[in-house]
Protein chains: 2
Amino acid sequence: MNAIASERKVHVPLGERAYDILIGPGLIARAGAEIASRLKGRKAAIVTDEHVAPLYLDVLVQSLEAAGIASATLVLPAGEKTKSFEHLMTVCDKVLEARIERNDYVIALGGGVIGDLTGFAAGIVRRGVRFVQVPTSLLSQVDSSVGGKTGINSRHGKNLIGVFHQPDLVLADTDVLNSLSAREFRAGYAEVAKYGLIDKPDFFAWLEANWQAVFAGGAARIEAIATSCQAKADVVVADERETGQRALLNLGHTFGHALEAATAYDSARLVHGEGVSIGMVLAHEFSARMNLASPDDARRVETHLKAVGLPTRMAEIPGALPPADVLMDAIAQDKKVKGGKLTFILTRGIGQSFVADDVPASEVLSFLKEKHPQ
Amino acid sequence: MNAIASERKVHVPLGERAYDILIGPGLIARAGAEIASRLKGRKAAIVTDEHVAPLYLDVLVQSLEAAGIASATLVLPAGEKTKSFEHLMTVCDKVLEARIERNDYVIALGGGVIGDLTGFAAGIVRRGVRFVQVPTSLLSQVDSSVGGKTGINSRHGKNLIGVFHQPDLVLADTDVLNSLSAREFRAGYAEVAKYGLIDKPDFFAWLEANWQAVFAGGAARIEAIATSCQAKADVVVADERETGQRALLNLGHTFGHALEAATAYDSARLVHGEGVSIGMVLAHEFSARMNLASPDDARRVETHLKAVGLPTRMAEIPGALPPADVLMDAIAQDKKVKGGKLTFILTRGIGQSFVADDVPASEVLSFLKEKHPQ
Ligand SMILES: NC(=O)c1ccc[n+]([C@@H]2O[C@H](COP(=O)([O-])OP(=O)(O)OC[C@H]3O[C@@H](n4cnc5c(N)ncnc54)[C@H](O)[C@@H]3O)[C@@H](O)[C@H]2O)c1
Ligand SMILES: NC(=O)c1ccc[n+]([C@@H]2O[C@H](COP(=O)([O-])OP(=O)(O)OC[C@H]3O[C@@H](n4cnc5c(N)ncnc54)[C@H](O)[C@@H]3O)[C@@H](O)[C@H]2O)c1
Ligand SMILES: [Zn+2]
Ligand SMILES: [Zn+2]
C-alpha cells in the first residue's frame with residue numbers, strides 16, 4: 001500500500017499496549033490491508049449500528065475479505081440506549097460464536113456508542129481479545145476511540161460499568177464524516193475546540209481561523225483530527241487509568257453533564273457535545289468570576305463556538321430547565337462534594353486549564369443562579 | 001489485634017497489585033479489623049450464596065460493623081448456574097446501589113462460584129473497585145480466590161467471559177470448612193494434591209503421610225492450605241496473565257474438563273475436583289505410556305487419591321460415558337489441535353510436571369480407547 005499523501009499517523013506509546021491511529025480519507029476501503037499488515041489473526045467480528053451499516057459495512061467486509069480476513073457481523077440499534085447489559089451480552093455472544101481467539105479481533109464500526117460497547121465486550125471475552133476501532137463520528141474519531149475507556153450505562157448513571165481496554169489499531173476514515181448530520185459534526189467539533197482550550201492556545205487560534213475548512217473536509221479536517229488525537233493520546237499516556245491529569249479532558253463536562261441530566265439525555269434537546277459547548281463557556285465565565293482569567297477569554301470562546309453554530313447559553317436549550325439548585329445537585333452527584341468543596345476544571349485563560357480541587361460549592365451555586373435565574 | 005499463633009500469611013508480590021492471603025481459624029469474626037487496618041474505605045457490599053448466608057453472613061456483617069464498616073448484602077442462589085450475565089448484572093447493580101466508590105470494597109463470601117462472579121463485578125463497576133475474597137470452600141481457599149482470574153460462563157463454554165482483577169485481601173477462615181460436605185472437601189483436596197504433583201514432591205509425600213490430619217482440621221489443614229496458596233501465588237506472580245507457565249495449574253484438567261463436559265456438568269455425577277482427580281491419574285498414566293515417567297508414579301498418585309476417597313477411574317462415574325472419540329472431541333475443543341498436535345501438561349514423575357506442546361492427538365485417542373473401551 002502506498003502511503004496516502006494526506007494521511008496522518010498518531011502513535012500512542014503505551015509499552016506493550018502501544019498502538020497507531022491512522023487518520024485520512026478512504027481508510028475503510030483499505031482497512032483489510034492495514035489490519036493484515038499489523039495483526040496476526042485472520043478472523044474478525046464487526047459490530048456496527050443500523051445507521052452506519054447500510055453506508056459502510058459492505059466496504060469494510062470486502063476490504064477485509066480481500067486481505068484474507070473472514071468476518072462475522074452484528075448490527076445493533078443506534079443510540080445511547082444500546083450501551084446496556086443486554087446488548088453487551090449480545091455482542092459477547094456474537095464474538096464467541098464467531099470463534100474469535102486471542103489473536104483475532106473485534107472491530108467497532110460506528111460512533112462512540114458502538115465503540116464503548118464493543119470495546120467493553122472485547123475486553124471481557126476470553127479476558128481480552130484484540131480490538132480495532134473504526135470510528136465514524138467526529139466525536140469518536142477525536143475522543144472516544146482513543147484511550148481505552150470502554151463501558152456501558154447503568155440505571156445508576158452513565159458509563160458506570162466497563163474496563164480499560166486499549167485498541168490495537170484505530171482507523172479514522174475522514175471521508176465518512178460527510179454522511180454525519182451537521183448537528184453531530186458540530187457536537188464532535190466541541191471536543192476538538194476543547195483540546196485547544198485545555199493547553200493548546202495556538203491550536204485554538206488556528207481553529208478560529210480555519211474552522212470553515214475543517215467543516216468542509218480535506219487537509220484542514222485531517223489536521224484538526226490528528227492534532228486532537230495527539231492531544232488525547234498525550235493525556236492518556238501520562239495517566240492511562242485516570243487517576244490525575246486525565247481529568248483535564250473533562251473541561252466543560254461538569255456543567256455539560258448536569259445539563260444532559262437535566263434534559264434527561266433527550267438528544268432532541270441536547271447532545272453531549274452541545275452540553276460541552278455550553279459547559280466550556282460556563283467554565284471560562286466561572287473562572288473569570290473567580291478572578292482567575294480575563295472575561296475577554298470567555299467572550300472569545302463563546303464567539304468561536306457560536307460562529308460554528310454550537311449553542312453557548314443554557315437559554316438556547318429547547319424546553320424548560322430545572323432551577324439552579326437542581327442543576328447544582330446534579331453537579332454534586334457527578335463530582336462528590338468534600339467539606340463543601342468540589343473538584344472542577346478551571347482556567348487561567350485560553351489553553352491554560354487546570355484541575356482545581358477546592359472550588360466552593362456555594363460559589364458554583366450562586367454563579368448558576370446568576371446565569372439561570374428562575 | 002494479636003496475631004493468632006496458628007495463623008499463616010502468604011504475600012502475593014504483584015507490585016502495585018500486591019496483596020496478602022491470611023489463613024487460619026476465626027478469620028470471618030476478625031474480618032472487620034483485618035480489613036480496616038489495611039484498606040481505607042468504610043463501605044462494603046457483600047455477595048454470598050444461599051448455603052453460606054445462614055452460616056456466616058451475620059458474623060461477617062457484625063465484624064465489619066464493629067470496625068466501622070457499613071455493609072449492604074446480596075444473597076444469590078448456590079451453584080454453577082449463578083455464574084451468568086443475569087447475576088453479574090444483579091451484582092453490579094447492588095454494588096452501585098450501595099454507592100461503592102473506588103476506595104470501598106466488594107466482598108465475596110462463598111466458594112469459587114461467588115468469588116468468580118463477584119470478582120468480575122468488582123473488576124467492571126467504575127472500571128474497578130477494591131475486592132476482598134472470603135473463600136469458604138476448600139477449592140476456593142487453595143485455588144480460585146488467589147490469582148485474579150474472574151468470570152462467568154457462556155452458552156459457548158465455561159469461564160469464557162471475565163477479567164483479571166486481583167483481590168486486595170484474601171481471608172481464608174479454616175474453621176468454616178467444617179460445614180462443607182465431605183464430598184466438596186475431597187474435591188478441593190484434589191487441587192491441594194495437584195500442587196504437590198506439579199513441582200513439590202516433598203509436599204506430596206507430606207500429604208501422603210498427613211492427609212488424615214488435614215481432613216481433621218487444625219494445624220495440618222492450615223499448613224496444607226498455606227502451602228497451596230504459596231504455590232499458586234508463585235505461579236501467578238511468574239505469569240499473571242496466563243501466557244505461559246501458568247498453564248501448569250491445568251495438570252489433570254484437560255482430561256477433567258472433558259469428563260465434566262461428558263457428564264453435562266451434572267454435579268450429582270461429577271464435581272470439578274473429582275474430574276481433576278481422575279484427570280491427574282490419567283495424565284500420569286499417559287506420561288508413563290509415552291515413556292516419560294515410571295508407571296509406579298501413576299500408581300502412587302492413584303493410591304493416595306483413592307485413600308482420601310476421591311474417584312480415580314472413569315468407570316467410577318455414575319451413568320454412561322460417551323465413547324472415547326467423543327471425549328477426544330471435547331479435549332480438542334478445549335485445547336485446539338494444531339497440525340494434529342495438542343498442548344498438554346505431562347510429567348516426568350511426582351512433582352515434575354511440564355507443558356508439552358507437541359502431544360500427538362492420535363496417541364491421546366488410542367490411550368483413551370484403552371482406558372475406556374466401549
Ligand atoms: N470512551 C471514551 O473515552 C468516550 C469519550 C467521549 C464520549 N464517549 C461516549 O461516546 C458516545 C457518544 O459518541 P457519538 O457522539 O459518536 O454517538 P453515537 O455513536 O450515538 O453516534 C451519533 C449518531 O451518528 C450516527 N453516525 C455515526 N457515524 C456516522 C456516519 N459516518 N454517518 C452517518 N451517521 C453516523 C450514529 O448512528 C448515531 O446515530 C457516548 O456514549 C459517550 O459516553 C466515550
Ligand atoms: N478463578 C479461578 O482461578 C478458579 C480456579 C478454580 C476454580 N474456579 C471456579 O470455582 C468454581 C467452583 O468453586 P467451588 O467448588 O467452591 O464451588 P461453589 O462455589 O459452588 O461451592 C460448592 C458448594 O459448597 C457450598 N459451600 C461453600 N462454602 C461452604 C461452607 N463453608 N459450608 C457449607 N457449604 C459451603 C456452596 O454453597 C456450594 O453449594 C467453579 O465455577 C470454577 O470454575 C475458578
Ligand atoms: Zn466529551
Ligand atoms: Zn481446578
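Owing to the predicted nature of the structure, the values given are computational and were not obtained by experimental measurement.

**Here's the deal with the coordination of the zinc ion (ligand 3)**
Residue and element names in this part refer to chain A.
So, point 1. Binding of the zinc ion (ligand 3) to the protein goes through Glu 191 (OE), His 253 (NE2) and His 272 (NE2), at separations of 2.0 to 2.2 Å.
So, point 2. Look at where the donors of the zinc ion (ligand 3) fall in the sequence and you get E-x61-H-x18-H. Of this pair, Glu 191 sits in helix α6 (residues 182–199) while His 272 is found in helix α10 (residues 272–289), placing the two residues 81 residues apart along the sequence.

**As for the pairing of strand β11 (residues 353–360) of chain B**
Residues and elements named next belong to chain B.
So, point 1. Pairing analysis gives six bridges linking strand β10 (residues 341–347) to β11, with the strands arranged antiparallel. Of the residues in β11, the one forming a bridge with Phe 344 is Ala 356.
So, point 2. Hairpin connection between β10 and β11: a loop of five residues separates the two successive antiparallel strands, and Gly 349 in this loop has a positive phi of roughly 150°.

**So, the sheet that holds strand β1 (residues 8–12) of chain A**
All names here are of chain A.
So, point 1. One open sheet holds the seven strands; their spatial order is β1-β2-β9-β6-β5-β3-β4, and the pairing between them is mixed. Bordering the open sheet on either side are β1 and β4 (70–76), each of which pairs with just one other strand. Taking the axes of each pair of neighbouring strands and ignoring which way they run, one obtains an average angle of 15° across the sheet.
So, point 2. Pairing of β1 with strand β2 (residues 19–24) involves five bridges; the strand directions are antiparallel. The residue bridging Val 12 from the neighbouring strand is Tyr 19, located in β2.
So, point 3. On the sheet, helix α4 (residues 112–124) packs against β3 (43–49), β4, β5 (105–110) and β6 (130–135) and is oriented at approximately 170° with respect to β5.

**Let's talk about the side chain of His 87 of chain A**
Residue and element names in this part refer to chain A.
So, point 1. Locating His 87 in the fold gives a position in helix α3 (residues 85–97).
So, point 2. Among the polar contacts made by the side chain of His 87, one reaches the side chain of Ser 84 at a distance of 3.1 Å.
So, point 3. Not counting the four nearest positions on each side in its chain, His 87 is found in contact with Leu 76, Pro 77, Lys 81, Thr 82 and Leu 117.

**A look at helix α7 (residues 201–216) of chain A**
Residues and elements named next belong to chain A.
So, point 1. Taking 1.5 Å as the rise per residue, α7 with 16 residues should run 22 Å; its terminal C-alpha atoms sit 23 Å apart, in good agreement.
So, point 2. The axis of α7 is deflected most strongly, by about 75°, at Asn 210.
So, point 3. Elements that come into contact with the buried residues of α7 comprise α6, α8 (219–238) and α11 (295–307).
So, point 4. The positive-phi residue at the C-terminal boundary of α7 is Gly 217, with phi of around 105°.

**Structural notes on the coordination of the zinc ion (ligand 4)**
Residues and elements named next belong to chain B.
So, point 1. Every protein donor of the zinc ion (ligand 4) is listed here as Glu 191 (OE), His 253 (NE2) and His 272 (NE2), and their distances to the metal cover 2.0 to 2.2 Å.
So, point 2. Here the donor residues of the zinc ion (ligand 4) share one chain and are spaced in sequence as E-x61-H-x18-H. Taken together, the residues His 253 in helix α9 (residues 253–262) and His 272 in helix α10 (residues 272–289) connect sequence positions 19 residues apart.

**Let's talk about the relation of the copies chain A and chain B**
So, point 1. Between chain A and chain B, the superposition needs a rotation of 180° and an axial shift of 0.0 Å, giving an RMSD of 0.0 Å. On this basis, the relationship between the two copies can be described by a two-fold rotation axis.
So, point 2. Comparing interface residues between copies, 100% of those in chain A also sit at the interface in chain B, which points to an isologous, same-surface contact.

**Comments concerning the site of ligand 1**
Residues and elements named next belong to chain A.
So, point 1. In the vicinity of ligand 1, 25 residues are found, and the nearest of them are Asp 49, Glu 80, Thr 136, Ser 137 and Ser 179.
So, point 2. Ser 137 is positioned such that a nitrogen or oxygen atom in its side chain is 2.5 Å from an oxygen atom of ligand 1.
So, point 3. Separating a nitrogen atom of ligand 1 from a backbone N or O atom of Val 176 is a distance of 3.0 Å.
So, point 4. Taken together, the residues of the shell around ligand 1 break down into eight nonpolar, eight polar and nine charged.

**Quick notes on the pairing of β4 of chain A**
So, point 1. By the bridge criterion, seven bridges tie β3 of chain A to β4 of chain A in an arrangement that is parallel. Bridge assignment links Lys 43 of chain A to a residue of β4 of chain A, and that residue is Ala 70 of chain A.

**A word on the site of ligand 2**
All names here are of chain B.
So, point 1. Taken together, 25 residues form the shell around ligand 2, and within it Asp 49, Glu 80, Thr 136, Ser 137 and Ser 179 come nearest.
So, point 2. One of the side-chain nitrogen or oxygen atoms of Ser 137 is found 2.5 Å away from an oxygen atom of ligand 2.
So, point 3. At 3.4 Å, a side-chain N or O of Lys 232 approaches an oxygen atom of ligand 2.
So, point 4. The protein chains hide 87% of the 860 Å² of surface that ligand 2 would expose on its own.
So, point 5. Partitioned by chemical class, the residues of the shell around ligand 2 number eight nonpolar, eight polar and nine charged.

**Quick look at the pattern of salt bridges**
So, point 1. Tallied over the full model, the rule gives 54 salt bridges over all chains.
So, point 2. A salt bridge links Glu 34 of chain B to Arg 30 of chain B, with the nearest nitrogen and oxygen atoms 3.2 Å apart.
So, point 3. On the accessibility criterion, Glu 34 of chain B (11% relative accessible area) is buried.
So, point 4. Under the relative-accessibility criterion, Arg 30 of chain B is labelled buried at 11%.
So, point 5. One salt bridge connects Arg 126 of chain B with Glu 101 of chain B, and the closest N-O pair in it is separated by 4.0 Å. Linking Arg 126 of chain B in the loop between α4 (112–124) and β6 (130–135) with Glu 101 of chain B in the loop between α3 (85–97) and β5 (105–110), this pair joins segments that are 25 residues apart in sequence.
So, point 6. A relative accessible area of 23% means that Arg 126 of chain B is categorised as partly exposed.
So, point 7. A cluster of three or more residues bridged by salt bridges with shared partners is formed by Glu 7, Lys 9, Asp 20, Arg 30, Glu 34 and Arg 38 of chain A.

**Digging into the confidence of the model for chain A**
So, point 1. Averaged over chain A, the pLDDT score is 94; the fraction of residues at 70 or greater is 98%.
So, point 2. Under the prediction, the complex receives an ipTM of 0.93, its pTM being 0.95.

**Description of the domain arrangement of chain A**
Residues and elements named next belong to chain A.
So, point 1. Domain assignment breaks chain A into domain 1 (8–178) and domain 2 (182–371).
So, point 2. Taking only C-alpha atoms into account, the centre of domain 1 sits 27 Å from that of domain 2.
So, point 3. With 25 residues of domain 1 at the interface, the matching set in domain 2 holds 26 residues.
So, point 4. Of the roughly 2400 Å² buried at the junction of domain 1 and domain 2 (both faces included), carbon and sulfur atoms supply 65%.
So, point 5. Summed over the three residues of domain 1 that lose the most area to domain 2, namely Leu 138, Val 142 and Phe 164, the buried surface amounts to 26% of that side.
So, point 6. A salt bridge links Glu 223 to Arg 8, with the shortest nitrogen-to-oxygen separation between them at 2.6 Å.
So, point 7. The interface formed by domain 1 and domain 2 contains nine residue pairs in polar contact (both at pLDDT 80 or more).
So, point 8. Counting residues per element, the ones that place at least two in the side of domain 1 that touches domain 2 are β1, β2 and α5 (138–144).
So, point 9. Residues that form the side of domain 1 that touches domain 2 fall into these classes: 13 nonpolar, seven polar and five charged.

What counts, and where the lines are drawn
- Residues numbered from 1 in each chain as written.
- Chains lettered and ligands numbered in written order.
- Predicted model: local features only at pLDDT ≥ 70, side-chain atom pairs only at ≥ 80, totals over all residues.
- Heavy atoms only, no water.
- Donors = N, O, S within 2.8 Å, 3.2 Å for Na, K, Ca; no water.
- Helix = DSSP H or I, 4+ residues; strand = E, 2+ residues; numbered from the N terminus.
- Pairing = 2+ DSSP bridges.
- Axes fitted to C-alpha atoms, helices over the stretch in contact; angles between N-to-C directions.
- Contact = heavy atoms within 4.5 Å.
- Polar contact = N/O pair within 3.5 Å; in protein donor to acceptor, adjacent residues only side chain to side chain.
- Expected span 1.5 Å × (residues − 1).
- Bend = angle between axes of the 7 residues up to and from the residue.
- Least-squares fit on C-alpha atoms with pLDDT ≥ 70 in both.
- Near = heavy atom within 4 Å.
- Nonpolar A, V, L, I, M, F, W, Y, C, P; charged D, E, K, R; others polar.
- Areas by Shrake-Rupley, 256 points an atom, 1.4 Å probe, with all protein chains shown as cover.
- Salt bridge = Lys/Arg side-chain N within 4 Å of Asp/Glu carboxyl O.
- Buried < 20%, exposed > 50% of the residue type's maximum accessible area, 1.4 Å probe, protein only.
- pLDDT = per-residue confidence, 0-100.
- Domains from an automatic or database assignment.
- Buried area = accessible area lost by both parts, 1.4 Å probe.

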